[in-house]
Amino acid sequence: MKGIQNFIEKAFAGRWISGPAIQDAIADSKKFNSKGIKTIINYLGESFTNEYEITETVDTYMRLIRYITENGINADISIKPTQLGLLKDADTLKSNYSKLVAEARKSKIFVWLDMEEADYVDATMQLYLSELDGAGVGICIQSYLKRSEEDIRKILPKGSVIRLVKGAYSSTKNKSFNTREAVTANYSKLMGMLFAQGTEFTLGTHDINMIKEAQALNNEYKRNVTYAMLKGINNKYLQDMSKSGNKVAVYLPFGKRWIAYSYRRLKEAGHIKLILKSLMKSQKLE
Ligand SMILES: Cc1cc2nc3c(=O)[nH]c(=O)nc-3n(C[C@H](O)[C@H](O)[C@H](O)COP(=O)(O)OP(=O)(O)OC[C@H]3O[C@@H](n4cnc5c(N)ncnc54)[C@H](O)[C@@H]3O)c2cc1C
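The structure reproduced in this document is the subject of the present report. (Residues numbered from 1 in each chain as written. Predicted model: local features only at pLDDT ≥ 70, side-chain atom pairs only at ≥ 80, totals over all residues. Heavy atoms only, no water.)

1. Things to note about helix H7 (residues 148-155)
Move 1: Looking only at H7, the buried set comprises Ser 148, Glu 149, Asp 151, Ile 152 and Ile 155. Taken end-on, H7 shows its buried residues confined to a sector of 160°, consistent with a single buried face.
Move 2: If you follow the buried residues of H7, they end up packed against helix H6 (121-130), strand E4 (137-142), strand E5 (161-165) and helix H8 (180-197). (Buried < 20%, exposed > 50% of the residue type's maximum accessible area, 1.4 Å probe, protein only. Helix = DSSP H or I, 4+ residues; strand = E, 2+ residues; numbered from the N terminus. Arc of directions from axis to C-beta. Contact = heavy atoms within 4.5 Å.)

2. Examining the side chain of Glu 131
Move 1: Assignment of secondary structure puts Glu 131 in the loop between H6 and E4.
Move 2: Residue classification places Glu 131 among the buried positions, given a relative accessible area of 13%.
Move 3: With near-sequence residues (within four places) excluded, Glu 131 lies in contact with Lys 94, Tyr 97, Ser 98, Val 101, Arg 105 and Val 137.

3. As for helix H5 (residues 90-106)
Move 1: Between the first and last C-alpha of H5 there are 25 Å, a value that for 17 residues agrees with the 24 Å anticipated at 1.5 Å per step.
Move 2: Among the residues making up H5, those that are buried are Thr 92, Leu 93, Asn 96, Tyr 97, Ser 98, Leu 100, Val 101 and Ala 104.
Move 3: Residues of H5 that are buried sit in contact with helix H3 (51-71), strand E2 (75-79), helix H4 (81-84), strand E3 (111-113), H6 and E4.
Move 4: Its side-chain oxygen placed 3.2 Å from the backbone nitrogen of Asp 91, Asp 89 serves as the N-cap of H5.
Move 5: The positive-phi residue at the C-terminal boundary of H5 is Lys 108, with phi of around 55°. (Expected span 1.5 Å × (residues − 1). Polar contact = N/O pair within 3.5 Å; in protein donor to acceptor, adjacent residues only side chain to side chain.)

4. Brief notes about the pairing of E5
Move 1: With five of its five residues buried, E5 lies for the most part within the structure.
Move 2: Across the two faces of E5 the burial is the same, with Val 161, Arg 163 and Val 165 and Ile 162 and Leu 164 all buried.
Move 3: Of the pairings in the sheet, the one linking E4 to E5 comprises five bridges and is parallel in character. Within the sheet, the bridge partner assigned to Gly 138 lies in E5 and is Val 161.
Move 4: The pairing of E5 with strand E6 (residues 200-204) spans three bridges and is classified as parallel. Following the sheet pairing, Arg 163 is matched in E6 by Thr 202.
Move 5: The handedness of the E5 to E6 crossover, carried by H8, is right-handed. (Pairing = 2+ DSSP bridges. Right-handed = clockwise from strand over helix to strand, strands pointing away.)

Following this line, the structure appears as structure tokens:
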């Protein structure tokens, strides 16, 4: 039973993740870049409390920055604050983030902060704002959280670059919208705010209705908008968007800690029919 479970997990993970090593993310990035798709590379792992895992993660991102530069890849990096020490202490978190941002800035590589559980939003925003004086940093905001509208109001006028997503986590009723419809309605509302008040932002979604709505808004506002999807989900659509002149990106995780990430993707896929449909549908780029 365990063997079958491992096999199924690996089959799913292989679809969503580049592979265990930096070289896998670089090779995958080259493929996506050749189709007009930028990559947003994440080293898998989260909720670290021990020094070794945190240090190993920082070292890996430092090497990743070097590999991206040496290979001439068009890629951003995207980091989870709990990889850098959010659950350990504020000083560790801040010094690790600053170290990576400083290194990335030397090579003009853009650094995103992923957004994790609702309880970590304040610390993540604070961390983000600590480096906002310089260029090349962005933060993810989730439409499932009721507070996100206020968060955008606070950080957008400061020149923040936002990646808007629906959110891969859940929270309590008083903090979050609890139906898919409500989360999507809020996505649409927050997206409207970004078009009206922002200049550069990324829309991370596979929701074609939201993408179409965004494209209609962009005809009016002409913003610097990037459309981004996760590796393995409807990437052919992204390629077609690129061909018709849109800026597009794919979020590309690599590393050995693929279980938590893959379970979030499985949960989102919702039911077995959708999972099978998505697995069977060719994801090959042309
Ligand atoms: C670039 C990018 C960065 C992200 N960063 C973060 C982050 O930092 N923090 C965070 O909480 N979340 C992040 N996410 C995940 C995001 O929050 C959502 O969980 C995920 O994108 C699904 O939401 P959706 O907007 O695609 O809409 P949904 O309403 O969930 O899905 C719309 C349609 O997309 C397809 N689809 C969606 N998911 C799957 C799947 N797993 N398998 C097959 N088909 C699927 C289905 O056709 C579905 O009907 C990111 C997503 C992207 C694209």
